[in-house]
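Given next are the chains, with one letter for each unit.
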Amino acid sequence: MAADSSTKRKRKTSGTAADARDTFLRTRSDPRQEWRYDGGSSLPAVLTMVGGSLAALCLGAGVFGQFLREGAAPHPYALYLLGAGAVLAVLVALFGQWGALPMRVGDAGVAVERSAGEVDRLGWCDVNAVQLTATALTFRSPGTVVSIPVRAQREAAARALAEARTRIPGKVTGIQEKALPKPSEGAGRVLTLEPPQIAGLRCKASDKVITFERDARLCGRCGEVYHKDDVPRRCATCEAPLRA
Ligand SMILES: [Zn+2]
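Residues numbered from 1 in each chain as written. Predicted model: local features only at pLDDT ≥ 70, side-chain atom pairs only at ≥ 80, totals over all residues. Heavy atoms only, no water.

### Regarding the pattern of salt bridges
Part 1 of the reasoning: In total, this model carries 13 salt bridges according to the counting rule given.
Part 2 of the reasoning: Three or more residues joined by partner-sharing salt bridges are found here, namely E34, R36, D38, R104, E113 and R121. (Salt bridge = Lys/Arg side-chain N within 4 Å of Asp/Glu carboxyl O.)

### Section: the coordination of the zinc ion
Part 1 of the reasoning: Looking at the zinc ion, one finds its protein donor set to be C219 (SG), C222 (SG), C235 (SG) and C238 (SG), positioned 2.3 Å from the metal centre.
Part 2 of the reasoning: Along the chain, the residues donating to the zinc ion are arranged with the sequence spacing C-x2-C-x12-C-x2-C. In this pair, C219 sits in strand β10 (residues 216-219) while C238 sits in the segment after β11 (225-227), placing the two residues 19 residues apart along the sequence.
Part 3 of the reasoning: The class of C219 is buried, set by a relative accessible area of 2%. (Donors = N, O, S within 2.8 Å, 3.2 Å for Na, K, Ca; no water. Helix = DSSP H or I, 4+ residues; strand = E, 2+ residues; numbered from the N terminus. Buried < 20%, exposed > 50% of the residue type's maximum accessible area, 1.4 Å probe, protein only.)

### A few points about the nonpolar core
Part 1 of the reasoning: Ranked by size, the top nonpolar core spans 35 residues in total, and within it V110, W124, L137, F139, C219 and C235 carry the most contacts.
Part 2 of the reasoning: Listing elements by their share of this core, those giving two or more residues are β2 (33-37), β3 (103-106), β4 (109-115), β7 (136-140), β8 (145-149) and α5 (154-167).
Part 3 of the reasoning: Looking at which element gives the most residues to this core, the answer is α5, with five residues.
Part 4 of the reasoning: The residues touching C235, leaving out its near neighbours within four places in the chain, are C219, C222, E224, Y226, A240 and L242.
Part 5 of the reasoning: Grouped together as the second largest cluster of nonpolar side chains are five residues, I198, A216, L218 and V225 included. (Core = buried A, V, L, I, M, F, W, Y, C linked by side-chain atoms within 4.5 Å. Contact = heavy atoms within 4.5 Å.)

### Side note on the pairing of β7
Here is the key point about a regular strand: its side chains alternate between the two faces of the sheet.
Part 1 of the reasoning: Taken across its five residues, β7 has four buried, putting it largely inside the fold.
Part 2 of the reasoning: As defined by bridge partners, strand β6 (residues 129-132) adjoins β7 across four bridges and the pair is classed as antiparallel. Its bridge partner lying in β7, L132 is registered against L137.
Part 3 of the reasoning: What sits between β6 and β7 in their antiparallel hairpin is a turn of three residues. (Pairing = 2+ DSSP bridges.)

Now the structure itself:
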């Protein structure tokens, strides 16, 4: 207790810059970053495509050989081709891994790149449920769902779960500690985020509309938005300390 109050006194005398460093309070222009995970052409995705093409080829040739040869008996290999095509198609459906969409994880939450200019983003502060199944790690809010396929985007899923554990721990208590590996440092590419669009949003504490972006303050942990005059001691969403 005594040690605690003496640290507090020290912080007070050292001025507001030190206070800001000790808390999660951020302004709109403070640097933010995220990892981007390519969905690209991994080996499993290429093999899946080759397998799928072979299955289609076998099935096509089999159907032709068996049914479509005008005036001739079915080709002796046609049934084998049909069988092989069907087995391949089932294998691809069961074990295939299609290339996944690029995913992003970082200060602005989790996001999926639907196309070059279209990024579906879900901020940590808006997440109200996280679910891990055998196929996907899914983050939900009332309006948005971001689903990370755990086989094709394993590193992105590992990073997202690790970030969720520090940023919104209450939402991931139901997910086992060892459900996904620790994220690897070398995986993904670090991107600098643009400052967020805040004008028009409401302060989480006072419900005041934030008219000027310079009046906005952010929780650096969950991304919640506050008006500079109404910043609470602790973030209303993730309880991170905002004021010393
Ligand atoms: Zn927060």
